[in-house]
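Examining the three-dimensional arrangement
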Amino acid sequence: MGEQRRSVAIHVPVLARVEGEGALDLRIDDGAITELRLRIFEPPRFFEKFLEGRHYTEIPDMVARICGICPVAYQVTAAQALETLFDVELSPWTRAMRRVFYCGEWIQSHSLHIHLLAAPDFFGCGNAIDLARIAPDEVRRGLRIQALGNELMDLFGARSVHPVGVRIGGFHAAPPLARVRELREKLRAALPDAEALVRWTAGIALPQDDQAFVSVATRHPQDYAIEHGDIAASDGLLISPSAFGDHFAERQAPFSTALFSSYHGQPYLVGPLARLNLSHDRLPPGIQALLAETGLALPSRNLFHSLVARAVEIRLALHDALRLLDDYRVPESPWVPVVPRAGVAIGCTEAPRGLLWQRYEMDSEGCVVSARIVPPTSQNQARIEEDLRLSLLEFGLDRPDDALRLHCEKVIRNYDPCISCATHFLRLNVERP
Amino acid sequence: MNVPGTPKPRVAVHKFSSCDGCQLAFLNLGEELLRLAERVDLVHFAEAGPLDPDTDADIAFVEGSMSTPEDLERIRRIREHSRMLVAIGACATAGGIQALRNDADAAGWAAAIYSHPEAIASLAHSTPIASHVKVDFELWGCPVSGRQILAVVNALLLGVGPRDNGDKVCTECKRNGYPCVMVSRGIACMGPVTRAGCGALCPGLGRDCYGCYGPVENANTDALAAQFALQGLDPQAVVRRFRSINSQAPVFLAAANKAGRRRDG
Ligand code: SF4
Ligand code: SF4
Ligand code: SF4
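Because the structure is a prediction, the values reported are computed rather than measured.

Scanning chain B from N- to C-terminus turns up 12 helices and five strands. A buried classification covers 58% of the 265 residues belonging to chain B. Of the contacts formed within chain B by residues at least 6 apart in sequence, a portion of 72% connects residues at least 24 apart.

Given below as structure tokens:
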């Protein structure tokens, strides 16, 4: 290696196939990384600031606009936070249907990521349209699964981007039985597709990697946690969402509009692989068996397994949606009345990309005094940079520039970073006099 | 349809400050996306893969609002390289929800909020594309739908001008036979001043329209604000109705300011 020492500066001005806009700067001098930064240059959209003064009834429609790919996560987390503060007793129907609604978003978002954003990397394709030429059936199957996820969101929200069905206390309307029956058949018919998808992702020759990191995700006593649970970490931590601030902190990096989160001062992982690492024992037996068949050993220390984790979670989401819709009945009322009260509302759920934490300070009229939203991508930011350093060393710094760049992009895409939502919580940088 | 042998039309999709939800209208097209990719050349679409921001395009779809100094430079370049420029969604046509900062002391916010404000090259206002360059067609909605997008592509491929929807949401309500939530349940609905196009999704679920498709032409906001007051909304609540997803659309901005004066005076 000694004779091959050189200086390279790789600048990727726009990262393709990620949501939102980001860039990567990498500098290698004499065989060592001297600069590595993932820059996020989405301009801040100031959500937390303009939520101030808004009425609680408006929050679900407003926070949805943080992210077009995971609006349900923002809506359901906000609803959970406010319903807890207002002491609302949700009906069993609402509890079940919130999870079904959320499953729709997991199915949609994961399938979009696997097929349109991530998989082309592993087949030497620049995009999904090229991939569709060499793997037409797989891409079509992926688009079908994605469409089914959208249909589930549509069932409760009338559309899948910024759905309009959630209200504090339940849903605005209950879908009619005939529509649910029809969708149930489609979900059932998609089960073999989802199994084949799991096998397909597990059969792709993914890069080998082995890194030590802490996984963080919500955990529930029975369910594979989606819309409810406590916060768990792979080092044994188990806390209620209200204690988040005692263990997790954010700081702004000078060159970025995003914050870097840390857990006890260290980077950590959120998202599908973190969830699977922590809660694979909560998967239904059939899916555990499928997972065992693939030979994927858990907990995994290879981030490239995120691809398989997404496929497994699609299979789980289909299973749970079917189970919860099985004896569907139209309820007497899809919502319960709500009386606002002053206090602090905290909500925490698993967005497709990982833990999403929200906190609202409310006044007695039901208006927001202050808001704080911690989305998954900002939590992964420090981990992505750590991963890039480690995997570049493993990959070999003396590889050609193009290969280095491509490898960096692959590593980044494992995290499915959603840069649009990584930017809005800069409010945390407030420096108070 | 395309004449065989003629080059395929070149289509670009650009993003500015946004939630990415309008681009999803393409990525959620399913099989239709693969068919579209056969009919046109997707020359630039960062989220889907192709990267060539400065290439010539027949149709450039632009999502997002202008909110940094670089945005202004970039949109000028896109305009130069595009035959037709179509602004898609509330962000691109009215500044979007993030334009709520326009009413606040945004410069003050940025300075107070960031420990490194120099990294935040943010303009005081979030503005629509048409404030800066000529826009050939605007598609309203937050988000726009796949149906709206395909209609534009099809019209342009046929060489005809795309058509705008001049109705209000109430018209779609009546067409679908939805009971009026304002009449039957006294809910403050923005449908009478909101542009049609969604199919009256919200009244279809028995709730209020909150105006995500922006103002319809000749919207009578005075009459609606008066109606809201009759229904018992206080002036602050009336302001909030108009100051939401499309707060900087001139008609909604004027209505919010007027209701705000009533509150203050
Ligand atoms: S108009 Fe709405 S859906 Fe479209 S990009 Fe803007 S916020 Fe997202
Ligand atoms: S429900 Fe709203 S949109 Fe429908 S007719 Fe009544 S006022 Fe118009
Ligand atoms: S009814 Fe109004 S708020 Fe609802 S989707 Fe249509 S335009 Fe948007």
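Attention shifts here to the site of ligand 3. Within the structure, ligand 3 sits among R159 of chain A together with T194, C198, L201, C202, P203, C209, Y210, G211, C212 and Y213 of chain B. Each of chains A and B places residues next to ligand 3.

Moving on to the packing of helix α10 (residues 221–230) of chain B against helix α11 (residues 235–242) of chain B. Residue and element names in this part refer to chain B. Direction vectors running N to C along α10 and α11 enclose 140 degrees, while the axes themselves pass 10 Å from each other. Compared by their axis directions, α10 and α11 come out oblique. The interaxial crossing formed by α10 with α11 has right-handed handedness. Contacts between α10 and α11 involve T221, L224, A225 and F228 from the former and V238, R241 and F242 from the latter.

All names here are of chain B. With parallel pairing, the five strands of this open sheet are ordered in space as β2-β1-β3-β4-β5. Each having just a single partner strand, β2 (41–45) and β5 (137–139) make up the two edges of the open sheet. The average undirected angle you get between the axes of adjacent strands in this sheet is 20 degrees. Bridge count between strand β1 (residues 10–15) and β2: four bridges; the pairing is parallel.

Quick look at the pairing of strand β7 (residues 230–233) of chain A now. Residue and element names in this part refer to chain A. Relative to β7, strand β6 (residues 216–219) runs antiparallel, the two being bridged by four bridges. Paired with A217 across the two strands is A232, which belongs to β7. Direction of pairing for β7 relative to strand β8 (residues 238–239): antiparallel, over a ladder of two bridges. Paired with I231 across the bridge in β8 is I239.

Residue and element names in this part refer to chain B. Lining the immediate environment of ligand 2, one finds V169, C170, C173, C180, V181, M182, C189, G191, P192 and P203. Counting only elements with at least two residues in the shell around ligand 2, the list comes to α7 (169–176) and α8 (181–185). Of all the elements, α7 adds the most residues to the shell around ligand 2, at three residues.

Before going further, it helps to examine the nonpolar core. Counting 163 residues, the largest nonpolar core has Y360 of chain A together with F61 of chain B as the members making the most contacts within it. Element by element, the count of residues in this core is highest for helix α4 (residues 92–122) of chain A, at 16 residues. For this core, the two domains that each supply at least three residues are domain 1 (10–157) and domain 2 (169–264) of chain B. Those residues in contact with F61 of chain B that lie beyond four places of it in its chain are V11, A12, V13, H14, F26, V86, I88, I149, V152 and V153 of chain B.

Residue and element names in this part refer to chain A. Among the secondary structure elements, D387 is positioned in helix α12 (residues 376–395). Here D387 sits buried without a salt bridge, and the closest side chain of opposite charge, R383, lies 4.1 Å off (N-O distance). For D387, the contacting residues outside a window of four places in its chain are D209, Q211, L303, V411 and Y415.

This part covers the packing of helix α7 (residues 177–203) of chain A against helix α11 (residues 306–325) of chain A. For any two helices packed against each other, one specifies the inter-axial angle together with the distance between the axes. All names here are of chain A. Here α7 crosses α11 at 160 degrees, and the two axes come no closer than 9 Å. One finds that α7 runs roughly antiparallel with respect to α11. The two elements α7 and α11 meet at a crossing, and its hand is left-handed. Two secondary-structure elements touch here, α7 through V180, R184, L187, R188, A190, L191, A194, E195, L197, V198, T201 and A202 and α11 through L307, V308, A311, V312, I314, R315, L318, A321, L322 and L325. Classifying every residue of the contact of α7 with α11 by side-chain character gives 17 nonpolar, one polar and four charged.

In this section: the sheet that holds strand β13 (residues 368–374) of chain A. Residue and element names in this part refer to chain A. Reading across from one edge, β11-β12-β13 is the order of the three strands in this open sheet, with antiparallel pairing throughout. The strands lining the two open edges of the sheet, one partner per strand, are β11 (343–351) and β13. With direction set aside, neighbouring strand axes in the sheet form an average angle of 15 degrees. In this structure, β11 lies alongside strand β12 (residues 354–362), joined through nine bridges in antiparallel fashion. In the strand pairing of β12, G343 is matched with M362. Together, β11, β12 and β13 form the strand contacts of helix α3 (residues 71–85), whose direction differs from that of β11 by roughly 145 degrees.

Turning our eyes to something else, we now look at the layout of surface pockets. Considering only enclosed or pocket space, the largest pocket measures out at about 950 Å³ in volume. Lining of the largest pocket is provided by 34 residues; of these, H55 and T57 of chain A together with I187, D208 and R241 of chain B occupy positions nearest its centre. Looking at the lining of the largest pocket, the elements with two or more residues in it are α2 (59–63) and β4 (166–167) of chain A together with α11 of chain B. Per-element tally for the lining of the largest pocket: the top contributor is α11 of chain B, with four residues. Split by residue class, the lining of the largest pocket holds 14 nonpolar, nine polar and 11 charged.

Here we come to the packing of aromatic side chains. All names here are of chain A. Within this structure, the stated rule accounts for 19 aromatic pairs over all chains. With a centroid separation of 4.9 Å and 50 degrees between ring planes, the pair formed by F47 and F50 is classed as tilted. Residue F47 and its partner F50 are located together in helix α1 (residues 47–50), separated by three residues, close to a single helical turn. One aromatic cluster is present, formed by W93, F101, F156, F171 and Y328 through successive ring pairs.

So, on to the domain arrangement of chain B. Residue and element names in this part refer to chain B. By the assigned domains, chain B splits into domain 1 (10–157) and domain 2 (169–264). The distance between the C-alpha centroids of domain 1 and domain 2 comes to 26 Å. With 16 residues of domain 1 at the contact, the number on the domain 2 side is 15 residues. When domain 1 packs against domain 2, close to 1200 Å² is buried across both sides, 55% of that on carbon and sulfur atoms. The three residues of domain 1 that bury the most area against domain 2 are D103, W140 and C142, which together make up 42% of that side's buried surface.

Rules behind the numbers
- Residues numbered from 1 in each chain as written.
- Chains lettered and ligands numbered in written order.
- Predicted model: local features only at pLDDT ≥ 70, side-chain atom pairs only at ≥ 80, totals over all residues.
- Heavy atoms only, no water.
- Helix = DSSP H or I, 4+ residues; strand = E, 2+ residues; numbered from the N terminus.
- Buried < 20%, exposed > 50% of the residue type's maximum accessible area, 1.4 Å probe, protein only.
- Contact = heavy atoms within 4.5 Å.
- Near = heavy atom within 4 Å.
- Axes fitted to C-alpha atoms, helices over the stretch in contact; angles between N-to-C directions.
- Parallel < 35°, antiparallel > 145°, perpendicular 65-115°, else oblique.
- Left-handed = near helix turned anticlockwise from the far one by under 90°.
- Pairing = 2+ DSSP bridges.
- Core = buried A, V, L, I, M, F, W, Y, C linked by side-chain atoms within 4.5 Å.
- Domains from an automatic or database assignment.
- Lys, Arg positive; Asp, Glu negative; His and termini not counted.
- Salt bridge = Lys/Arg side-chain N within 4 Å of Asp/Glu carboxyl O.
- Nonpolar A, V, L, I, M, F, W, Y, C, P; charged D, E, K, R; others polar.
- 1 Å grid on protein atoms, 1.4 Å probe; cavity = no way out; pocket = protein on both sides within 12 Å on 5 of 7 lines; lining within 4 Å.
- Points joined across faces, edges and corners; volume = space filled by probe spheres on them.
- Phe/Tyr/Trp six-rings, centres within 6.5 Å; stacked < 30°, edge-to-face > 60°.
- Buried area = accessible area lost by both parts, 1.4 Å probe.

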